[in-house]
Amino acid sequence: LKVQDKPIFKRIVIAIDPAVTSKDTSDETGIVAVGLGFDDHIYPLEDKSGIYTPTDWCKEAVMLYRKYKADRIVGEVNNGGDLIETVLRTVDKNVPYTGVHATRDKLTRAEPVAALYEQGKAHHVGTLLELEYEMTTWEAKKGDKSPNRIDALVWAAAELLPEMGKKKSASISILSSI
């Protein structure tokens with residue numbers, strides 16, 4: 001994975017792959033900030049994934065939104081439905097938000113993003129060790145821990161490059177609200 005200096009971005013989004021519990025055994029909530037450069041490459045900027053309560057992961061996402069002056073927050077609604085938007089509105093009622101719904105498995109959704117890396121069109125800004133570890137070790141085997149950082153990255157890329165999902169598969173259907 002090639003580490004880049006921070007370029008100037010057309011857009012920046014914050015993506016959330018939520019967990020709805022915060023026990024020690026819970027999945028992590030994937031939270032990433034990703035920019036789209038003027039070269040139409042994606043640039044993961046920061047990974048704030050972890051085990052949080054829903055209120056805390058919304059606070060983390062809003063903090064990243066403000067830090068990077070992002071355009072919007074994107075969140076997967078499969079696990080929890082209206083939970084993200086409902087809790088997000090208690091943290092900041094004015095943050096632009098788009099809910100996304102997964103219609104295919106995580107591996108299939110990740111393939112177009114993996115292709116961006118293979119084509120040299122995705123570059124990490126700085127060091128994102130936990131994201132990079134998940135990206136280089138997840139094998140999509142039954143029983144593997146859920147790749148929440150990867151999934152958040154996929155949703156960010158789908159928001160930034162909507163044509164990406166249409167080329168490879170119809171795995172992404174987007175529900176929008178502001």
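Remember, it's a predicted structure, so these values are computed and weren't measured experimentally. (Residues numbered from 1 in each chain as written. Predicted model: local features only at pLDDT ≥ 70, side-chain atom pairs only at ≥ 80, totals over all residues. Heavy atoms only, no water.)

### A look at the environment of V62
Then comes step 1: You can see V62 is positioned in helix α1 (residues 54-67).
Then comes step 2: Taking the C-alpha atoms as reference, V62 lies 7.7 Å from V95; in sequence the two are 33 residues apart.
Then comes step 3: Those residues in contact with V62 that lie beyond four places of it in its chain are I73, L88, V91, D92 and V95. (Helix = DSSP H or I, 4+ residues; strand = E, 2+ residues; numbered from the N terminus. Contact = heavy atoms within 4.5 Å.)

### Some thoughts on the confidence of the model for the protein chain
Then comes step 1: Averaged over every residue, the pLDDT of the protein chain is 85; the share at 70 or more is 87%.
Then comes step 2: Every residue in residues 167-178 scores below 50 in pLDDT, and together they form 35 contacts with partners more than four places removed in sequence or on other chains. (pLDDT = per-residue confidence, 0-100.)

### Here's the deal with the pairing of strand β2 (residues 9-17)
Then comes step 1: Judged by how many residues are buried, β2 sits mostly within the fold: seven of nine residues are covered.
Then comes step 2: Across four bridges, the pairing between β2 and strand β5 (residues 72-76) is parallel. Opposite A15, over in β5, you have V74 as the bridge partner. (Buried < 20%, exposed > 50% of the residue type's maximum accessible area, 1.4 Å probe, protein only. Pairing = 2+ DSSP bridges.)

### Thoughts on helix α2 (residues 83-91)
Then comes step 1: Considered for burial, the residues of α2 that qualify are I84, V87 and L88. Angular distribution of buried residues about the axis of α2 spans 105 degrees; they occupy a single face of the element.
Then comes step 2: Here the buried face of α2 lies against β2, α1, β5 and β6 (97-102). (Arc of directions from axis to C-beta.)

### Section: the pattern of salt bridges
Then comes step 1: In this structure the tally under the stated criterion is 15 salt bridges.
Then comes step 2: Notably, a salt bridge pairs E60 with K48, separated by 3.8 Å at the nearest N-O pair. Linking E60 in helix α1 with K48 in the loop between β4 (42-47) and α1, this pair joins segments that are twelve residues apart in sequence.
Then comes step 3: The partner of R149 in a salt bridge is E130, and the shortest N-O contact between them spans 3.1 Å. (Salt bridge = Lys/Arg side-chain N within 4 Å of Asp/Glu carboxyl O.)

### As for the side chain of E159
Then comes step 1: In this fold, E159 is placed in helix α5 (residues 148-160).
Then comes step 2: Polar contacts involving the side chain of E159 include one to the side chain of R11, which spans 3.1 Å.
Then comes step 3: Beyond its immediate stretch of four places on either side in the chain, E159 contacts R11, V13, R72, V74 and T98. (Polar contact = N/O pair within 3.5 Å; in protein donor to acceptor, adjacent residues only side chain to side chain.)

### With respect to the packing of α1 against α2
Then comes step 1: Look at α1 against α2: their axes get within 9 Å of each other, and the N-to-C directions meet at 65 degrees. Judged by the inter-axis angle, α1 sits roughly perpendicular to α2. Helix-helix and strand crossings are classified by hand; for α1 and α2 the assignment is right-handed. In this structure, α1 contributes P54, T55, W57, C58, K59, V62 and R66 to the contact, and α2 contributes L83, I84, V87, L88 and V91.
Then comes step 2: When its residues are assigned to classes, the contact of α1 with α2 shows nine nonpolar, one polar and two charged. (Axes fitted to C-alpha atoms, helices over the stretch in contact; angles between N-to-C directions. Parallel < 35°, antiparallel > 145°, perpendicular 65-115°, else oblique. Left-handed = near helix turned anticlockwise from the far one by under 90°. Nonpolar A, V, L, I, M, F, W, Y, C, P; charged D, E, K, R; others polar.)

### What to know about the packing of helix α4 (residues 129-137) against α5
Then comes step 1: Two numbers describe how α4 lies on α5: the axes approach to 8 Å, and their chain directions differ by 95 degrees. In terms of axis orientation, α4 runs roughly perpendicular to α5. Judged by residue contacts, E130, L131, E134 and M135 of α4 engage N148, R149, I150 and L153 from α5.
Then comes step 2: A class-by-class count of the residues in the contact of α4 with α5 yields four nonpolar, one polar and three charged.

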